[in-house]
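For reference, the chains in residue letters:
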Amino acid sequence: MIGLPDDVTACLFDLDGVLTSTAALHEIAWKQTFDEFLTAHCGPDEPAFTKDDYNAYVDGRPRADGVRTFLTARGIVLPEGEPDDPPGDRTVNGLGNRKNDLLLRIIEDRGVTPYPGSVAYLQAAKDAGLAIGVVTSSANGAHVLDAAGLTPFVGARIDGLVIAERKLRGKPAPDSFLAGAADLGVTPDTTAVFEDALAGVRAGRDGHFRFVVGVNRADQADELRANGADLVVDDLAELLS
């Protein structure tokens, strides 16, 4: 009744863009951060950060990885700096911290809204006895889950803070999903992964998870399939019909 193979016993969900609409807030914060930086560093003629840039280089990745990947695409190299660099410093960490400051302000102003279809799906998965975990590259995972009222569903959480503490490779590497499965006490061959980001879908595929659901929030259904999604839906509620 929940659209998964019968042998699936656990679900691992990405957070931003799968369970909550906060992916759009991340994109806004990244765009402001990078546009300010590009104008200051390269001049006014440098092309602005676009939605395609977000999807290709940033979405689903840990914050510092997103900074590095995008800047590399523009031929820009910055020093790493330190994790506590002041927001806006011309370092990888400084830019990442600037983005996070902006994101927290946006969340404070707008709040966090879970997708109704995702809430219904979480309830159905819980009722079916499936173990539930959240795997997100965001360091604000606990805050967003609490603000969205989703924490009671979650049996294990791997977020950006845990990824850093355990020195896991971020998506598209499968490490964070594998850690989520281990924390739930399950194995990849009986676990489904739910992702909206191309990097996250690749992580599910490369981790040899039983089933990978691509959630098409950014009009990239073909790309989700090409990166390893077994099934693509526009909303998790479709799996309940």
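It should be emphasised that the depicted structure is a prediction, and the values quoted were computed from it without experimental measurement.

Thresholds, definitions, all that
Residues numbered from 1 in each chain as written. Predicted model: local features only at pLDDT ≥ 70, side-chain atom pairs only at ≥ 80, totals over all residues. Heavy atoms only, no water. Axes fitted to C-alpha atoms, helices over the stretch in contact; angles between N-to-C directions. Helix = DSSP H or I, 4+ residues; strand = E, 2+ residues; numbered from the N terminus. Parallel < 35°, antiparallel > 145°, perpendicular 65-115°, else oblique. Left-handed = near helix turned anticlockwise from the far one by under 90°. Contact = heavy atoms within 4.5 Å. Nonpolar A, V, L, I, M, F, W, Y, C, P; charged D, E, K, R; others polar. Buried < 20%, exposed > 50% of the residue type's maximum accessible area, 1.4 Å probe, protein only. Pairing = 2+ DSSP bridges. Arc of directions from axis to C-beta. Phe/Tyr/Trp six-rings, centres within 6.5 Å; stacked < 30°, edge-to-face > 60°. Polar contact = N/O pair within 3.5 Å; in protein donor to acceptor, adjacent residues only side chain to side chain. 1 Å grid on protein atoms, 1.4 Å probe; cavity = no way out; pocket = protein on both sides within 12 Å on 5 of 7 lines; lining within 4 Å. Points joined across faces, edges and corners; volume = space filled by probe spheres on them.

Asks: So, the packing of helix H1 (residues 22-42) against helix H4 (residues 92-110): which residues are in play, and what are the values?
Replies: Two elements in contact, H1 and H4, have axes whose closest approach is 8 Å; the angle formed by their N-to-C orientations is 140°. By the criterion of interaxial angle, the relationship of H1 to H4 is oblique. Seen from above, H1 lies across H4 with right-handed handedness. In this structure, H1 uses Leu-25, His-26, Ile-28, Ala-29, Trp-30, Gln-32, Thr-33, Phe-34, Glu-36 and Phe-37 to contact H4, whose residues at the interface are Leu-95, Arg-98, Lys-99, Leu-102, Leu-103, Ile-106, Ile-107 and Arg-110. By residue class, the composition of the contact of H1 with H4 is 11 nonpolar, three polar and four charged.

Asks: Tell me about the pairing of strand S2 (residues 131-135), and please be specific about residues and values.
Replies: Across the five residues that make up S2, a large majority, four, are buried. Both strand S1 (residues 10-13) and S2 contribute to a ladder of four bridges, which runs parallel. Note on S2: the bridge partner recorded for Ala-10 is Ala-131. Pairing of S2 with strand S3 (residues 156-158) involves three bridges; the strand directions are parallel.

Asks: I'd like a rundown of helix H3 (residues 63-73), residues and numbers included.
Replies: Regarding H3, the residues found buried are Gly-66, Val-67, Phe-70 and Leu-71. An end-on view of H3 places all buried positions within 120° of arc, on one side of the element. Where H3 ends, the next residue or the one after it, Gly-75, has phi of about 75°, a positive value.

Asks: Run through the packing of aromatic side chains, naming residues and quoting values.
Replies: Describing an aromatic ring pair means giving the distance of the ring centres and the angle of the ring planes. Under the criterion given, the structure shown has nine aromatic pairs. With centroids separated by 4.4 Å and ring planes inclined at 45°, the aromatic side chains of Phe-34 and Phe-70 adopt a geometry described as tilted. One end of the pair, Phe-34, is in helix H1; the other, Phe-70, is in helix H3, with 36 residues separating them in the sequence. Exposure class is identical for Phe-34 and Phe-70. Each is buried.

Asks: So what about the environment of His-41? Which residues, and what values?
Replies: Structurally, His-41 is set in helix H1. Residue classification places His-41 among the partly exposed positions, given a relative accessible area of 34%. Residues His-41 and Arg-90, spaced 49 residues apart in sequence, show a C-alpha to C-alpha distance of 8.8 Å. If we skip the residues at most four places from it in the chain, His-41 touches Ile-76, Leu-78 and Arg-90. Among the polar contacts made by the side chain of His-41, one reaches the side chain of Arg-90 at a distance of 3.5 Å.

Asks: So what's going on with the layout of surface pockets? Which residues, and what values?
Replies: Where empty space is left in the structure can be found by rolling a water-sized probe over the atoms. The computed volume of the largest pocket comes to approximately 720 Å³. Residue lining of the largest pocket: 39 residues in total, with Pro-62, Arg-63, Ala-64, Ser-137 and Gly-160 positioned closest to the centre. Counting residues per element, the lining of the largest pocket draws most heavily on H4, at six residues. When its residues are assigned to classes, the lining of the largest pocket shows 14 nonpolar, 12 polar and 13 charged. Of the pockets and cavities examined, the second largest pocket occupies roughly 160 Å³. Elements supplying a minimum of two residues to the lining of the second largest pocket: H1 and helix H2 (51-58). Residue composition of the lining of the second largest pocket, by class: six nonpolar, three polar and five charged.

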